[in-house]
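So you can see what is in the structure, the chains are spelled out below.
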Amino acid sequence: MFRVISGRSVQAARLLAPRNAVLVEAVRGRKSRTDPVAKSKVGRIKVPPPVDPVEMLVLKERYSEYELIMRALRLEFKEEVLRKKYEEETGSQAEERARQEEEEHRALINWNDEENLRMLKARILRVQKEEEEAERKKMEAAIQREQQLEESIRLREKEILQLQEEAKNFITLENLDQRIEDALDNPKNYNFAVDKEGKVVKRTVLQ
Amino acid sequence: MVLNGGIFFSAYDLRTLEYLQKGEIIFKNRVKIMTVNYNTHGQLSEGARKFVLFNIPQIQYKNPWVQIMMFKNMTPSPFLKFYLADGEQVLVDVEGKDYKQISQHVRKILGKSEEVLQSEAQAKMQASNPANFGPKKYCLRECICEVEGQVPCPGTTPLPKEMTGKYRAKMAESQE
C-alpha cells in the first residue's frame, strides 16, 4: 500500500517532500479503484490520534523557538560564506595581490620582449651573413663560367692550328700523281719481329 | 621509435595518461588562446616542430580551456603567440631554439609558478575534508553505511532485531 522509494527518482521527489520524512508513495496494492470495501472495514471511521492541547501548546512554543534558532544559525553561516567570497574577490588584500601580480606580469613580459630583441639581432646578423655568402658564391660561379669559356676557346684554337699543320701534308688533286709516284718508289715495310726477351726488330726483309 | 631521454616505443606513447600528466606548464587564468606558427622543413623550425610534437599534448591536457592552434608553412621564421583575456598579445620568437628551452621560456613568462600551484593544492585540500559527511557535491560520502565493512543501510536491508531501537527499549523496560 505504501512503498519506500529509494533510487534515482528519490532526488527529484526529495525536493517536494518534508525534510526529515522517509519518502513513501501510495501504491495501489491488490485492489483497484472500483473494488468495494472489505466486509471487516465496512463501518470504519478513521479517527486521528487525539491531541492534548496543553502538550500541543508547549510543543508549539518549543518548536517555534527551536526553528527560530536554527534558521538564524543557517543564515549566519550563509552570510559568513558570502562575506568570505566577497573579501576574496574585492577586499583590500585582493587589490594588493592583483597589483603585485600585474607587476610581475609586466616584468616577465618585458623580459620576454628583451629576448625577442636579442633573437631579432641574431637573426639580422645571420640573414646578412647568408646574403654575403650567396653573393660570394654567385661571383665565384661567374668567374668559373668565364674560365671554362676561355678554356674551351683555347682548345678549339689549338685544334684549328693542328689541322692547319696537317693540311700541308694532305693529298689533293694536284698532288695526286706525284704522291702515287712517291708511294710506288718508296715501298714501306710494316713488318717487324719480336724475340723472347721482348726486343722489337724493325729491320726485316720486305717481300 | 622516438627517443627523447625517456624512451618512447611509438607515437601512441605521446598520448598515454602517464605522459600527459607529467606536463609542467599550467597557464595563468588570463591566457586564453595559444598559437604556434612553424614550418615543416628547415633547420630553424626544428625546435618548434619538436615542441609541437612533445609538449603541446601535455599543455592541452593540463589546460583544457585554452584554445591551441597550429599554423604550418605560413611564416619565414617560427614563433608562438599568446592572446590574453584583456586583449594583450604576447609574441615569443622560437627560431633556432631547442624545444626544452622553448618550454622553459613559456613556463617562466606565462605559467603558474611552483608556489602558486602548491598554495592552490593546499587550499583545495583544506576545502575538502574527507572526514566530512554530506551531499555528494561537497563531500565524499553521505552516510557511514556507504563505507565498505560498515553496517549496511537500514533503508535497503532491515537491521537485525537486536540493533533496532524498539527492541532495545522493550528490553530496557522489561528489565526495570
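Reading the values: rules and limits
Residues numbered from 1 in each chain as written. Chains lettered and ligands numbered in written order. Predicted model: local features only at pLDDT ≥ 70, side-chain atom pairs only at ≥ 80, totals over all residues. Heavy atoms only, no water. Axes fitted to C-alpha atoms, helices over the stretch in contact; angles between N-to-C directions. Helix = DSSP H or I, 4+ residues; strand = E, 2+ residues; numbered from the N terminus. Contact = heavy atoms within 4.5 Å. Nonpolar A, V, L, I, M, F, W, Y, C, P; charged D, E, K, R; others polar. Buried < 20%, exposed > 50% of the residue type's maximum accessible area, 1.4 Å probe, protein only. Polar contact = N/O pair within 3.5 Å; in protein donor to acceptor, adjacent residues only side chain to side chain. Pairing = 2+ DSSP bridges. Salt bridge = Lys/Arg side-chain N within 4 Å of Asp/Glu carboxyl O.

Asks: Any details on the packing of helix α3 (residues 92–167) of chain A against helix α3 (residues 99–110) of chain B? Residues and values, ideally.
Replies: With their axes 8 Å apart at the nearest point, α3 of chain A and α3 of chain B run at an angle of 145 degrees to one another. On α3 of chain B, the residues that touch H105, L108, W111, N112 and E115 of chain A of α3 of chain A are H105, K108, I109 and L110 of chain B. In terms of residue class, the contact of α3 of chain A with α3 of chain B is made up of 4 nonpolar, 3 polar and 2 charged.

Asks: An account of the side chain of H105 of chain B is needed here, citing residue identities and associated values.
Replies: Residue placement: H105 of chain B occurs in helix α3. On the basis of relative accessible area, H105 of chain B is assigned to the buried category, the value being 7%. Polar side-chain contacts of H105 of chain B include one of 2.8 Å to the side chain of N112 of chain A.

Asks: Explain the sheet that holds strand β6 (residues 89–93) of chain B residue by residue, including any values.
Replies: Taken in spatial order, the 4 strands make up an open sheet running β4-β3-β5-β6 (chain B), and their pairing is mixed. With one partner strand each, in any of the chains shown, β4 (67–72) and β6 of chain B form the two edges of the open sheet. Averaged over neighbouring strand pairs, the angle between their axes works out to 15 degrees when direction is ignored. Relative to β4 of chain B, strand β3 (residues 31–38) of chain B runs parallel, the two sharing 6 bridges. By the bridge assignment, M34 of chain B is partnered in β4 of chain B with I68 of chain B. Running at roughly 40 degrees to β6 of chain B, α3 of chain A makes contact with β5 (79–84) and β6 of chain B of the sheet. Helix-sheet contacts for helix α2 (residues 46–62) of chain B involve β3, β4 and β5 of chain B, and the interaxial angle to β3 of chain B is about 160 degrees.

Asks: Describe the pattern of salt bridges, with residues and values.
Replies: Tallied over the full model, the rule gives 22 salt bridges over all chains. Notably, a salt bridge pairs E88 of chain B with R106 of chain A, separated by 3.1 Å at the nearest N-O pair. Of this pair, E88 of chain B sits in the loop between β5 and β6 while R106 of chain A is found in helix α3, placing the two residues in two different chains. Here E115 of chain A and K97 of chain B are joined by a salt bridge, their closest N and O atoms 3.8 Å apart. Residue E115 of chain A is found in helix α3, and its partner K97 of chain B is found in the loop between β6 and α3; the two belong to separate chains. For E115 of chain A, a relative accessible area of 15% translates into the label buried. Classification of K97 of chain B as buried rests on a relative accessible area of 11%. Residues joined by salt bridges that share partners form a network here, namely E102 and R106 of chain A together with R30 and E88 of chain B.

These figures come from the coordinates and say nothing about function on their own.
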